[in-house]
Amino acid sequence: MAYLTEKDRRYKTPEDICAHLGDDYEKYMGAIVPPIFQNSLFVQPTDVNGVEASGYTYTRAANPTVEIAERKIAALEGGDGALCFATGMAAISSAIMHFIRANCHVVLVETNYGNIKTLVTKYLAERYNVSYTFVDGGSIREIENAVCENTSLIVLESPSSNIYRMQDLEKVAEIAKRVGAGTVIDNTY
């Protein structure tokens, strides 16, 4: 995850964030726009004792180009940090796995992406004994009634793909906070 630096926080407007956050002329040999790093591996310099210095090693874990994008997104959204993923399924799976523990319960809107349903109903249910409840998602009362004492996550999709069903995100977040659960939303639109 790339976190904002104090230097990043000096940019206040969306225009300045997009145009200048991540500019580091010395680091990038005077380039006005940071270069795009398309390589997969990075050489690690060693200190006098032969210990590798910290830094970039493998693009899938961290990459200067992706790090700048993450910092810009965090600044634009008013967050402290952000993560970029290669696919939407990688992003939502990571978010879901953050909240899952053995024997927990998950509430999902029935219009969630099919692979999310499969992740929860097959993999997590079978491997971690995760129970789940599907809800329509149009009624806050229905979502609230589906929450159990061991609910650790509510998974939304709003607006739902193809049918554009909406959930009241603020009220769902209030329900989740009340029971100590997380909320995750898949938002294609």
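Residues numbered from 1 in each chain as written. Predicted model: local features only at pLDDT ≥ 70, side-chain atom pairs only at ≥ 80, totals over all residues. Heavy atoms only, no water.

Student: I keep staring at a nonpolar patch on the surface and nothing clicks. Help me out?
Tutor: Together, M1, Y3, L83 and F85 make up a nonpolar patch on the protein surface, roughly 430 Å² of accessible area in all. Locating Y3 in the fold gives a position in strand 1 (residues 2-3). On the basis of relative accessibility, which here comes to 52%, the residue Y3 falls in the exposed class. (Patch = residues over 30% accessible without salt bridge, like charges linked within 9 Å, V, L, I, M, F, W, Y side chains within 5 Å. Areas by Shrake-Rupley, 256 points an atom, 1.4 Å probe, with all protein chains shown as cover. Salt bridge = Lys/Arg side-chain N within 4 Å of Asp/Glu carboxyl O. Helix = DSSP H or I, 4+ residues; strand = E, 2+ residues; numbered from the N terminus. Buried < 20%, exposed > 50% of the residue type's maximum accessible area, 1.4 Å probe, protein only.)

Student: Where do I start with the layout of surface pockets in this structure?
Tutor: Take a probe with the size of a water molecule and roll it over the atoms, and the empty space left behind shows itself. Space inside the largest pocket adds up to approximately 480 Å³. What lines the largest pocket is a set of 15 residues, and nearest its centre among them are I92, A95, T183, V184 and I185. For the lining of the largest pocket, the secondary structure elements donating two or more residues are helix 3 (88-99), helix 6 (169-179) and strand 6 (182-186). At six residues, helix 3 tops the list of elements feeding residues into the lining of the largest pocket. For the lining of the largest pocket, a count of residues per class yields 11 nonpolar, three polar and one charged. As a volume, the second largest pocket reaches approximately 320 Å³. R60, A61, V66, E70 and C84 are, among the 15 residues lining the second largest pocket, the residues nearest its centre. (1 Å grid on protein atoms, 1.4 Å probe; cavity = no way out; pocket = protein on both sides within 12 Å on 5 of 7 lines; lining within 4 Å. Points joined across faces, edges and corners; volume = space filled by probe spheres on them. Nonpolar A, V, L, I, M, F, W, Y, C, P; charged D, E, K, R; others polar.)

Student: Before we go on, may I ask you to explain the pattern of salt bridges in this structure?
Tutor: Side-chain pairs of opposite charge can arise whenever the charged atoms involved come near each other. Under the defined criterion, the tally for this structure stands at eight salt bridges. Of the charged contacts, one joins R9 and E6 as a salt bridge, the two residues approaching to 3.8 Å between their closest N and O atoms. On the basis of relative accessible area, R9 is assigned to the partly exposed category, the value being 32%. R71 is the salt-bridge partner of D8, the closest N and O atoms lying 2.6 Å from each other. With D8 in the loop between strand 1 and helix 1 (14-20) and R71 in helix 2 (residues 64-77), the pair connects residues that are 63 residues apart, well separated along the chain. Comparing D8 with R71, the two get one shared label, buried.

Just geometry here; none of it tells us what the structure is for.
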